[in-house]
Amino acid sequence: MNAQTHPAREAAQYDVIIIGAGAAGLMCAGEAAKQGRKTCIIEHAKKPAEKIRISGGGRCNFTNLYTKPENFISENPHFCKSALARFTPQDFIKRLNARGIAWHEKHPEKNTGQLFCDHSATDIIDMLMDEVRAHKAELKLQTSVSNIEARPQGGFSLQTTQGALHTESLVIASGGLSIPKIGASPFGYKIARQFGLNIVDPKPALVPLTFDQDMLALCKSLSGVSLEARASNAKASFMDGLLFTHRGLSGPAILQISSYLEDGEPFTINLAPTYDMIETLKTAKQERPKKQLQNIISETLPARLAESLCKDAGAERKIAELPDKALAALGARINAWPVCPIGTEGYRTAEVTRGGVDTNDLSSKTMEAKNHPGLYFIGEVVDVTGHLGGFNFQWAWASGYVAGQYV
Ligand SMILES: Cc1cc2nc3c(=O)[nH]c(=O)nc-3n(C[C@H](O)[C@H](O)[C@H](O)COP(=O)(O)OP(=O)(O)OC[C@H]3O[C@@H](n4cnc5c(N)ncnc54)[C@H](O)[C@@H]3O)c2cc1C
């Protein structure tokens, strides 16, 4: 007898196969195996959870204390509510505490709620992997799946580089498209399409923005300058750091607004969000008429930026020498600088992918495909994208956790 005549006999049989050993996949595997399900994780990279390893500058911003559905972008903003309510930031913190993993809140004075490991992101990988091992889930590294088919008797048959596998439940946890060099692939979207699920057009998000030649020249000349700014469009507004780079604009405020921009959509940057600059310049003209305008502006903005703005406006002189109208125009520009990106740095540097498997095709309670029992999608592959600040991991934990209870 050979494999061709009796392929079913050759195939190893599992209750649950999870594709992708990232944040969501490992969480789901631990939960499924804990329920007594015979679980196997398939990962094509050499190591599991590479994104956790590099996240948060190596310390993993693993959750956010103030996680709310409003921190997520999706065609259906309600979809994430159920999972987020059933596995909360506190639930994840409890696991870290039980294991003695030290963590801290970054900038508690700013109340941003971002939690990081004190030591290293590998503490979290070790915790997830120990859970997987403790409940005897199997991890197949450097393994690729070439074909998946639904079996007539139910369940799925997978052709992999380690042979044929059968499973009752199949969980796709292969993530988004960001950072292809550490394993990102469009695999999840391909499988979703194969089984008739819709895909919301994937795009790089939480990503630095690029600009036309003139603006790029300005960004290059100011490369390294950073400040607190507010980036806004009609849909969203974020006050956080902004950084000029030799490729364009970056920094948290820019990454955040990038998730809300359509291609070529302009937005505004308030370079001095806690000042009314028209008023500030008007008062300065009355009280300190002999001062150079540039020096007055550099009391609020970084000196190089102040110099550049004055040069650009042809206003490199004493404030008294400038007409009120010109000062008002400059003040207005500082408070609402219109910029128009031509693109983004793309998946090479994007922190996440927005879009993905359409949530209308999934159960928000279980993450199971509505049209195909036994098929689940979790984590970033789903059209749920968090803001910057630990929300994307919280979605990965929560969606992985809930699916793990049902697979
Ligand atoms: C540089 C960087 C820093 C980040 N920092 C943070 C942070 O501090 N806080 C935060 O909340 N979020 C952060 N994120 C986002 C966060 O890492 C992701 O949203 C999260 O990892 C998504 O989890 P996931 O399990 O869905 O996907 P992933 O963690 O990406 O895991 C998917 C896994 O599937 C594997 N895979 C893909 N295709 C296949 C295939 N065909 N066959 C087998 N395996 C496959 C991949 O190799 C990978 O191991 C960061 C992202 C990046 C890129």
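A count of helical and extended segments in the protein chain gives 14 helices and 21 strands. Structurally, the protein chain occupies a C-alpha span of about 95 × 40 × 35 Å along its principal axes. Across the 407 residues that make up the protein chain, the buried fraction comes to 53%. Long-range pairs, those at least 24 residues apart, make up 72% of the contacts in the protein chain with a sequence separation of at least 6. Of the roughly 18000 Å² of accessible surface on the protein chain, a fraction of 50% belongs to carbon and sulfur atoms. Here the protein chain contributes 44 positively and 42 negatively charged side chains, and the mean placements of these two sets differ by 2 Å.

With that out of the way, let us pick up the confidence of the model for the protein chain. Of all residues in the protein chain, 98% attain a pLDDT of 70 or more, and the chain-wide mean is 96. Note on residues 1-8: pLDDT is under 50 here. Beyond four places in sequence and across chains, it has five contacts.

Here the focus is the sheet that holds strand β6 (residues 114-117). Hydrogen bonds along the backbone pair up the strands of a sheet, which may run parallel or antiparallel. Reading across from one edge, β3-β6-β5 is the order of the three strands in this open sheet, with antiparallel pairing throughout. Pairing within the sheet leaves two strands with one partner each, and these edge strands are β3 (61-64) and β5 (103-105). Shown here is a sheet whose adjacent strand axes are inclined to one another by a mean of 30°, direction ignored. Relative to β6, β5 runs antiparallel, the two sharing three bridges. By the bridge assignment, Trp-103 is partnered in β6 with Cys-117. The strands touched by helix α5 (residues 89-99) are β3, β5 and β6; relative to β3, the strand with the most contacts, the crossing angle is about 135°.

In this section: helix α10 (residues 277-287). Every buried residue of α10 is accounted for by Met-277, Leu-281, Ala-284 and Lys-285. Taken around the axis of α10, the buried residues stretch over an arc of 100°, which confines them to a single face. In α10, the exposed positions that point more than 90 degrees away from the buried face belong to Gln-286 and Glu-287. For α10, the elements touching its buried residues are α11 (293-297) and α13 (324-335).

The next point concerns the pattern of salt bridges. With the rule as written, the count across this model stands at 19 salt bridges. Between Glu-345 and Arg-247 there is a salt bridge; the shortest N-O distance is 3.0 Å. Pair noted here: Glu-345 is in the loop between β18 (343-344) and β19 (352-357) and Arg-247 is in the loop between β14 (237-245) and β15 (248-250), with a separation of 98 residues, a long-range link. With relative accessibility at 13%, the residue Glu-345 sits in the buried group. Classification of Arg-247 by relative accessible area gives partly exposed; the value is 39%. The network of salt bridges with shared partners includes Glu-31, Lys-34, Arg-95 and Glu-131.

Our focus in this paragraph is the environment of Ala-272. In this fold, Ala-272 is placed in the loop between β16 (267-270) and α10. Look at Ala-272 and you get buried, because its relative accessible area is 3%. Leaving out residues up to four positions away in the same chain, Ala-272 has contacts with Met-277, Thr-300, Leu-301, Ile-334 and Asn-335.

Judged by nonpolar contacts, the single largest core of 78 residues is most densely connected at Ile-52, Phe-62, Ile-148, Leu-158, Phe-377, Trp-395 and Trp-397. The residues touching Ile-148, leaving out its near neighbours within four places in the chain, are Ile-19, Phe-156, Ser-157, Leu-158, Leu-170, Phe-187, Ile-191, Gln-194 and Phe-195. If you look at the next biggest cluster of nonpolar residues, it comprises 43 residues, including Ala-236, Leu-271, Ile-297 and Leu-309.

Okay, the packing of α10 against α13 next. Axis separation between α10 and α13 bottoms out at 7 Å; the angle between their running directions is 145°. For the pair α10 and α13, the sense of crossing is right-handed. Residues Met-277, Ile-278, Leu-281 and Lys-285 of α10 touch α13, and the partners they reach there are Asp-324, Leu-327, Ala-328, Gly-331, Ala-332, Ile-334 and Asn-335. Tallied by class, the residues present in the contact of α10 with α13 amount to seven nonpolar, two polar and two charged.

One ladder, built from seven bridges, connects strand β13 (residues 226-232) with β14; its direction is antiparallel. Bridge pairing in β14 places Ala-229 opposite Asp-240. Counted along the chain from β13 to the antiparallel partner β14, the turn is four residues long. Where β14 lies against β15, three bridges are found, and the strand directions are antiparallel. Counted as the bridge partner of Phe-244 is Leu-249 from β15.

When glycine is set aside, most residues are seen to have a negative phi, and most peptide bonds are trans. Phi is positive for Cys-60, close to 55°, though the residue is something other than glycine. When you line up the elements, Cys-60 lands in the loop between α3 (50-54) and β3. Using a relative accessible area of 0% as the deciding quantity, one classes Cys-60 as buried. Positive phi outside glycine occurs at Leu-206, with the angle close to 45°. The topology assignment puts Leu-206 in the loop between β11 (199-205) and β12 (209-210).

Looking now at the site of the ligand. The ligand sits among 31 residues. The nearest are Ala-24, Glu-43, Ser-185, Glu-380 and Phe-393. Note that an oxygen atom of the ligand is positioned 2.9 Å from one of the backbone N or O atoms of Ala-24. Within the complex, 92% of the 990 Å² of free accessible area of the ligand lies under protein. Breaking the shell around the ligand down by element, the ones donating at least two residues are α2 (23-34), α3 and α14 (391-406). Counting residues per element, the shell around the ligand draws most heavily on α14, which supplies four residues. Classifying every residue of the shell around the ligand by side-chain character gives 14 nonpolar, 13 polar and four charged.

The rules behind these values
Residues numbered from 1 in each chain as written. Predicted model: local features only at pLDDT ≥ 70, side-chain atom pairs only at ≥ 80, totals over all residues. Heavy atoms only, no water. Helix = DSSP H or I, 4+ residues; strand = E, 2+ residues; numbered from the N terminus. Buried < 20%, exposed > 50% of the residue type's maximum accessible area, 1.4 Å probe, protein only. Contact = heavy atoms within 4.5 Å. Areas by Shrake-Rupley, 256 points an atom, 1.4 Å probe, with all protein chains shown as cover. Lys, Arg positive; Asp, Glu negative; His and termini not counted. Charge placed at Lys NZ, Arg CZ, Asp CG, Glu CD. pLDDT = per-residue confidence, 0-100. Pairing = 2+ DSSP bridges. Axes fitted to C-alpha atoms, helices over the stretch in contact; angles between N-to-C directions. Arc of directions from axis to C-beta. Salt bridge = Lys/Arg side-chain N within 4 Å of Asp/Glu carboxyl O. Core = buried A, V, L, I, M, F, W, Y, C linked by side-chain atoms within 4.5 Å. Left-handed = near helix turned anticlockwise from the far one by under 90°. Nonpolar A, V, L, I, M, F, W, Y, C, P; charged D, E, K, R; others polar. Near = heavy atom within 4 Å. Polar contact = N/O pair within 3.5 Å; in protein donor to acceptor, adjacent residues only side chain to side chain.

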